[in-house]
There are 2 protein chains.
Amino acid sequence: MVRGVKRRDYAQYCGIARALELVGERWALLVVRDLTVRPRRYTDLQEGLRGIPTNVLSTRLKELEQAGIVERRVAPAPRRGVVYTLTEVGRALEPALIALGRWGSSQLGEPQPGYVASPDGAVLNLRGAFQPSEAAGLTASWELRLGDTVIHARLADGALTSGLGPVEDGADLVITARFEEGEPPAYRSFVKAAREGRVDLDGPRELFDTFLRVFTYPQACERDLPTPR
Amino acid sequence: MVRGVKRRDYAQYCGIARALELVGERWALLVVRDLTVRPRRYTDLQEGLRGIPTNVLSTRLKELEQAGIVERRVAPAPRRGVVYTLTEVGRALEPALIALGRWGSSQLGEPQPGYVASPDGAVLNLRGAFQPSEAAGLTASWELRLGDTVIHARLADGALTSGLGPVEDGADLVITARFEEGEPPAYRSFVKAAREGRVDLDGPRELFDTFLRVFTYPQACERDLPTPR
DNA sequence: CTGCATCCCCTCAGATACTG
DNA sequence: CAGTATCTGAGGGGATGCAG
């Protein structure tokens, strides 16, 4: 073992290797994903990341805090407790998350039984599906309803803001997905439903076509999930 | 354990989670990084990823091939052997690699003793440093010499092509870094040398300033910088 | 309740030796 | 050159305990 090199380091002076050292551990980027959308408490994260062992979540949060990516704060009077947020450094990971989500979405097969979908994941996948070139100059707002999950997307002269919850002062178009049995409330499922016409619209129909152009991409590289060995 | 969910899966119907299932294992994205720049043999990869255990490299390559990211081919007559390349799906990971590298570069400290730098990593980090807005409409070519590593970058009306080796029919400007003792031939070290004037130029000086504008981003702890000759 | 810490178990990574 | 075989230990998965 060379001096100055911790065992789990890659020992490469490279941005990609450094990124993987900091957020390459298991579950780490999913923690960042959820915190990118909104601040969360420990138990919120446990729910959004269903299946994460409590000791792993605890360890990741400490490591991410140590790395200056996550901030741990004690919440004020009503609903006291601990709230985790991203630092500026942590928020700077969003482009990487979006790029990974863009690629991974193209590699999603059919939802497996037992698969879940977190609202935070849906927001990030929406942002990954966004096609700026199709949105140039547009101004409009949409409200997407994926089961209990409500997402807003607003274009102001082609610039996107998006997040959880409804659009303030009403969306131009509300799109409610009619999910089938067992279909998780993921963004990908929402797009599938929209393409197949399994949606209810409240607003001008042409804005629905605009939505499909601006917030989806051709699912060229589709493939099935590998069969368990 | 729920049916249909392998133990190491995240069991989330989310593009980011899917990406991490496919390329989130240790060393996996670094293998893809090296293959993004050029096809490589097994031993090439071992050298570029110094420190990777041979059984892990072997396992990762099989997994990546299984996932349709990497292709294994037997090379033709001269220099027979096995050559690994990326598939279309694998090449589609480049934006994610670049985004991760951009972020990770901002988190790189001083090079630790024992750290190495692969030529392939330098190319990807160059692409991550590229600022399209600063390059709009520009046409020019640079050759960067980082020790034994030679990188070319060519702008054609603002569009970048880059890779290893010199520019065909000569670069407009050749920039040779004068590295200090122990400084690894990484892109970040090259930028540092350039900013501190530790470079030799062969070509018009104004193209050097253009290079700094187009291929670097502000890094922490910037100070007044001496001008190179 | 929330926010962890501790336990055991087992998988996978690290290191090294060896082979078609 | 392109891996396989084997051993060991770190770290993740899962259940449980417990303090504020």
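Predicted, not measured: the structure shown is a model, and the values here were computed from it.

**So, the packing of helix α2 (residues 28–37) of chain A against helix α4 (residues 54–66) of chain A**
All names here are of chain A.
Reasoning step 1: Their axes nearest at 10 Å, the elements α2 and α4 cross at an angle of 75°. Accordingly, the angle class assigned to the pair α2 and α4 is roughly perpendicular. The residues of α4 that touch α2, namely those facing Ala28, Val31 and Val32, are Leu57, Arg60, Leu61 and Leu64.
Reasoning step 2: Across the contact of α2 with α4, the residue classes break down as 6 nonpolar, no polar and 1 charged.

**A word on the sheet that holds strand β7 (residues 173–177) of chain A**
Across a sheet, paired strands are connected by hydrogen bonds in the backbone, their directions being either parallel or antiparallel.
Residue and element names in this part refer to chain A.
Reasoning step 1: Reading across the sheet, the 5 strands line up as β6-β5-β4-β7-β8 and stay open at both edges, with mixed pairing between neighbours. Edge positions in the sheet fall to β6 (159–164) and β8 (199–202), since each has one partner strand and no second. Across the sheet, the mean angle from the axis of one strand to that of its neighbour is 15°, orientation sign disregarded.
Reasoning step 2: Where strand β5 (residues 149–156) and β6 come together, 6 bridges link them in antiparallel fashion.

**Comments concerning the interface of chain B and chain A**
Reasoning step 1: The interface of chain B with chain A comprises 65 residues on the first partner and 67 residues on the second.
Reasoning step 2: Of all residues in chain B, Tyr13(B), Ile16(B) and Trp103(B) bury the most surface against chain A, accounting for 18% of the area lost on that side.
Reasoning step 3: Counting across the interface, chain B meets chain A through 24 residue pairs in polar contact (both at pLDDT 80 or more).
Reasoning step 4: Put simply, the parts of the chain that give the side of chain B that touches chain A at least two residues each are α1 (15–23), α2 (28–37), α6 (94–106), α7 (119–129) and α9 (187–195) of chain B.
Reasoning step 5: Grouping the amino acids of the side of chain B that touches chain A by side-chain chemistry returns 36 nonpolar, 17 polar and 12 charged.

**Thoughts on the sheet that holds strand β1 (residues 40–41) of chain A**
Residue and element names in this part refer to chain A.
Reasoning step 1: What the 3 strands build is an open sheet, ordered β1-β3-β2; its pairing is antiparallel. Where the open sheet ends on each side, the last strands, each with one partner, are β1 and β2 (70–75).
Reasoning step 2: Inspection of the sheet shows β2 paired to strand β3 (residues 81–86) by 6 bridges, in the antiparallel sense. By the bridge assignment, Val70 is partnered in β3 with Leu86.
Reasoning step 3: Where α2 meets the sheet, its contacts fall on β1, β2 and β3, and the angle it forms with β3 comes to roughly 95°.

**Overview of the domain arrangement of chain A**
Residue and element names in this part refer to chain A.
Reasoning step 1: Structurally, chain A comprises domain 1 (15–107) and domain 2 (119–214).
Reasoning step 2: For domain 1 versus domain 2, the separation of C-alpha centres amounts to 24 Å.
Reasoning step 3: In this complex, domain 1 contributes 12 residues to the contact, which on the side of domain 2 involves 13 residues.
Reasoning step 4: Summed over both sides, the interface between domain 1 and domain 2 buries roughly 990 Å², with carbon and sulfur atoms accounting for 52% of that surface.
Reasoning step 5: The largest contributions to the domain 1 side of the interface with domain 2 come from Val37, Ile98 and Arg102, which together make up 45% of the buried area.
Reasoning step 6: The tally of links between domain 1 and domain 2 comes to 3 salt bridges.

**A word on the protein's contact with DNA strand C**
Reasoning step 1: Taken together, 21 residues are adjacent to DNA strand C, and Arg72(A), Val82(A), Tyr84(A), Arg26(B) and Asn55(B) come closest.
Reasoning step 2: Sugar plus phosphate: this is where 58% of the atoms of DNA strand C within 4 Å of the protein reside.
Reasoning step 3: The separation between a phosphate oxygen of DNA strand C and a polar side-chain atom of Arg41(A) is 3.3 Å.
Reasoning step 4: Here a phosphate oxygen of DNA strand C sits 2.4 Å away from a polar atom, N or O, in the side chain of Tyr84(A).
Reasoning step 5: Of the residues that constitute the surface near DNA strand C, the class distribution is 6 nonpolar, 7 polar and 8 charged.

**Quick notes on the relation of the copies chain B and chain A**
Two copies of the chain are present, and they differ by a rotation about an axis and a shift along that axis.
Reasoning step 1: Structural alignment of chain B on chain A gives an RMSD of 0.1 Å, achieved by rotating through 180° and translating 0.0 Å along the axis. Put plainly, the chains are arranged around a two-fold axis. Residue Ala96(B) of chain B places its C-alpha closer to the rotation axis than any other residue of that unit, at 2.8 Å.
Reasoning step 2: Mapped onto chain A, 95% of the interface residues of chain B are again interface residues, and the two copies thus contact each other with one and the same surface.

Reading the values: the criteria
- Residues numbered from 1 in each chain as written.
- Chains lettered and ligands numbered in written order.
- Predicted model: local features only at pLDDT ≥ 70, side-chain atom pairs only at ≥ 80, totals over all residues.
- Heavy atoms only, no water.
- Axes fitted to C-alpha atoms, helices over the stretch in contact; angles between N-to-C directions.
- Helix = DSSP H or I, 4+ residues; strand = E, 2+ residues; numbered from the N terminus.
- Parallel < 35°, antiparallel > 145°, perpendicular 65-115°, else oblique.
- Contact = heavy atoms within 4.5 Å.
- Nonpolar A, V, L, I, M, F, W, Y, C, P; charged D, E, K, R; others polar.
- Pairing = 2+ DSSP bridges.
- Buried area = accessible area lost by both parts, 1.4 Å probe.
- Polar contact = N/O pair within 3.5 Å; in protein donor to acceptor, adjacent residues only side chain to side chain.
- Domains from an automatic or database assignment.
- Salt bridge = Lys/Arg side-chain N within 4 Å of Asp/Glu carboxyl O.
- Near = heavy atom within 4 Å.
- Least-squares fit on C-alpha atoms with pLDDT ≥ 70 in both.

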